[in-house]
Each structure stands twice: as structure tokens, then as C-alpha cells.
Amino acid sequence: MNPSRFAGRRLLTSVAGMALAAVTLALAACGSTSSHPPAPLVVDRPATPYVIGPLDTLNIVVWRNPELSAPVTVRPDGSFSAPLIPEMRAAGKTTAELSKDVEDALKKVVREPVVSIVVGGFQGVYSQQIRIVGEAARPQAVPYRQNMTLLDLMIQVGGLTEFADGNSAVLVRGAEGGKQYSVRLKDLLKRGDISANAAILPGDIVIVPQSWF
């Protein structure tokens, strides 16, 4: 056989082999799962009292003083005004802490005031809100609720868009310094796979990418 022809065949075989390897790697990459670990289904969630946030609605009740009782809305700056209380900080406090502050403010004009505060419409402090961005039907910040799960969050935002790559979504956990987890939203919502119903913690961010196929 002509040596140059033999060398040419070897070169073609080598090139074909490399091309096949490249295609195999590309297909494997397309079908591979996320490099992030799966989000845990159960996490340690100690019960903590609700912390008032901007835009929360508060119902202030002063016992035996209905003229001082009033519903108020916490302003975006975190403060509010009420009868005989021209200005007071509310954001970042529990209802018990704020009740004590209101009682102290009213002691100047009311003898031994007893104050109760009930949160109506709630938003919570920004650091505890759950944010979902990308291909959610209604991307938004959602107030955290005790024992909240991924399914609760997705119901609130209306599910996914038709362009979402739900099984490639990522959960960024603020409570763990921004550690990233993979979440399977498509399996959870479209296939009813409850094993994909990960636990949610205050400050979590869920990022839903767009599907390219």
C-alpha cells in the first residue's frame, strides 16, 4: 500500500474519532444534571417570632382607650404614626417589642396603658423574604411563612412559564452564605413528584432559567 495513502487513512480515522468523542461529550453535557447538590427536603427551622417589616398592616389596640386604637400601615421607611404617637420605628421588631414601645410612649398621657398589636397584611423584613426570578409566571418577593416549601412558593407565583427549564432551576440559600442547590420544579409541578418539594428558608432565592430546547 502507498505509505502516503495509509497515513491519510490514519489521519481521517483519527479526526473521525475525535469528532465522535466531541459529539458524545456534547450530548452528555446536554443530558447531565446540575452540578449543584439537590436542595434538602428537611432543614432545621427553629420557630421564631414574626418580625414586622415595611408595608405591614398593624392593628393597634389600647385597652379601654378605643380613641387611641387604630389600624396603621408601616411606611416604606419602617416607621408609622398613630394617635398620640407622631413617629415610631416598627420594622425589625416583634409585635411584643412594639407593644412595649407603644405602651412606654403612651404612659405620658395614659395611666398604665395595655397595648396589643396584631399584624394583618404582612410582608416581613426584606432579609427574610423569598425571591423567585426568571421564568416564573409572576416573579416576585414572597413573605416567608413557617414550614414553607418549594410547592408553597410556586403556588404563590403561579407556576412556571412555557419557556421555563424547571429542572435546571437553582436555589441560592442566604442562610448558608449563598450556597447553591439544584431544584426540580418541572418534576414537582408537572409530574407531581413530591420528592422534589424542597424546604424553603428565610432569604432564599430561586432562579428559573429559560429552556433552549
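Notes on the structure follow. (Residues numbered from 1 in each chain as written. Predicted model: local features only at pLDDT ≥ 70, side-chain atom pairs only at ≥ 80, totals over all residues. Heavy atoms only, no water.)

1. Overview of helix H2 (residues 95–106)
Each full turn of the α-helix corresponds to 3.6 residues, which orients residues three or four apart in the same direction. Note the cut-off: Strands are runs of DSSP state E lasting at least 2 residues, helices are runs of H or I lasting at least 4, and numbering of each runs from the N terminus. Each helix should span, by expectation, one fewer than its residue count multiplied by 1.5 Å. With a 1.4 Å probe rolled over the protein chains alone, any residue whose accessible area is under 20% of its type maximum counts as buried; one over 50% counts as exposed, and the rest are partly exposed. The directions considered for the arc run from the helix axis to the C-beta atoms. Contact criterion: two residues are considered in contact whenever any of their non-hydrogen atoms come within 4.5 Å of each other.
Taking 1.5 Å per residue as the helical rise, H2 with its 12 residues ought to reach 16 Å, and the 16 Å between its terminal C-alpha atoms agrees with that figure. Where H2 is concerned, the buried positions are Leu98, Ser99, Val102, Glu103 and Leu106. Along the axis of H2, the buried positions cluster into a sector of 140°, meaning they face one direction only. Turning to H2, the residues buried within the fold contact strand E1 (57–62), strand E3 (79–82), strand E4 (85–89) and strand E5 (115–119).

2. Structural notes on the packing of aromatic side chains
Rule in force here: Only rings of Phe, Tyr and Trp enter the pairing, Trp through its six-membered ring, and a pair is recorded when the two centres are within 6.5 Å. The plane angle decides the type: under 30 degrees is stacked, over 60 is edge-to-face, the rest tilted.
Evaluated as defined, the whole model comprises 1 aromatic pair. Geometrically, the ring pair formed by Tyr50 and Phe122 is edge-to-face, given 5.8 Å between the ring centres and 80° between the ring planes. With Tyr50 in the loop between helix H1 (3–31) and E1 and Phe122 in the loop between E5 and strand E6 (130–134), this pair connects stretches of sequence that are 72 residues apart. The partly exposed category is assigned to Tyr50, whose relative accessible area is 28%.

3. Observations regarding unusual backbone geometry
Phi is positive for Leu84, close to 70°, though the residue is something other than glycine. Note that Leu84 resides in the loop between E3 and E4. With a phi close to 65°, Asn147 is a non-glycine residue in the positive phi region. Overall, the relative accessible area of 49% leaves Asn147 in the partly exposed class.

4. Concerning the sheet that holds strand E8 (residues 169–173)
Adjacent strands of a sheet form backbone hydrogen bonds with each other and so pair up, either parallel or antiparallel. Just so we agree on the cut-off: A strand pair is defined by DSSP finding two or more bridges across the two strands. Helix axes are fitted to C-alpha atoms over the stretch in contact, other axes to C-alpha atoms as well, and angles between N-to-C directions run from 0 to 180 degrees.
An order of E7-E6-E10-E8-E9 is seen for the 5 strands of this open sheet, with the pairing classed as mixed. What marks the edges here is a single partner per strand, and that holds for strand E7 (140–142) and strand E9 (179–183). On average, each strand axis in the sheet is inclined to that of its neighbour by 20°, with strand direction left out of account. Each of E6, E7, E9 and strand E10 (205–208) is contacted by helix H3 (residues 150–157), which is oriented at about 130° to E7, the strand it contacts most.

5. Re the pattern of salt bridges
What counts here: One side-chain nitrogen of Lys or Arg within 4 Å of one carboxyl oxygen of Asp or Glu is enough to make a salt bridge.
One pass over the structure, following the stated rule, counts 9 salt bridges. With a closest N to O distance of 2.6 Å, Asp101 and Lys93 form a salt bridge. Classification of Asp101 by relative accessible area gives partly exposed; the value is 26%. You can call Lys93 buried: its relative accessible area is 19%. Where salt bridges share partners, they join Arg184, Asp187, Arg191 and Asp193 into one cluster.

6. Some words on the sheet that holds E1
Spatially, E2-E1-E5 is the arrangement adopted by the 3 strands of the open sheet, whose pairing is antiparallel. At either margin of the open sheet sits one strand with a lone partner, and together these are strand E2 (70–73) and E5. Across the sheet, the axes of successive neighbouring strands diverge by a mean angle of 25°, strand direction being ignored.

7. A short note on the environment of Ile130
Structurally, Ile130 can be placed in strand E6. Judged by its relative accessible area of 0%, Ile130 falls in the buried class. Each C-alpha atom, one on Ile130 and one on Asp204, is 5.2 Å from the other, the two residues being 74 residues apart in sequence. The contact partners of Ile130, leaving out residues within four places of it in the chain, are Gln140, Ala141, Val142, Tyr144, Met148, Leu153, Ile200, Leu201, Pro202, Gly203 and Asp204.

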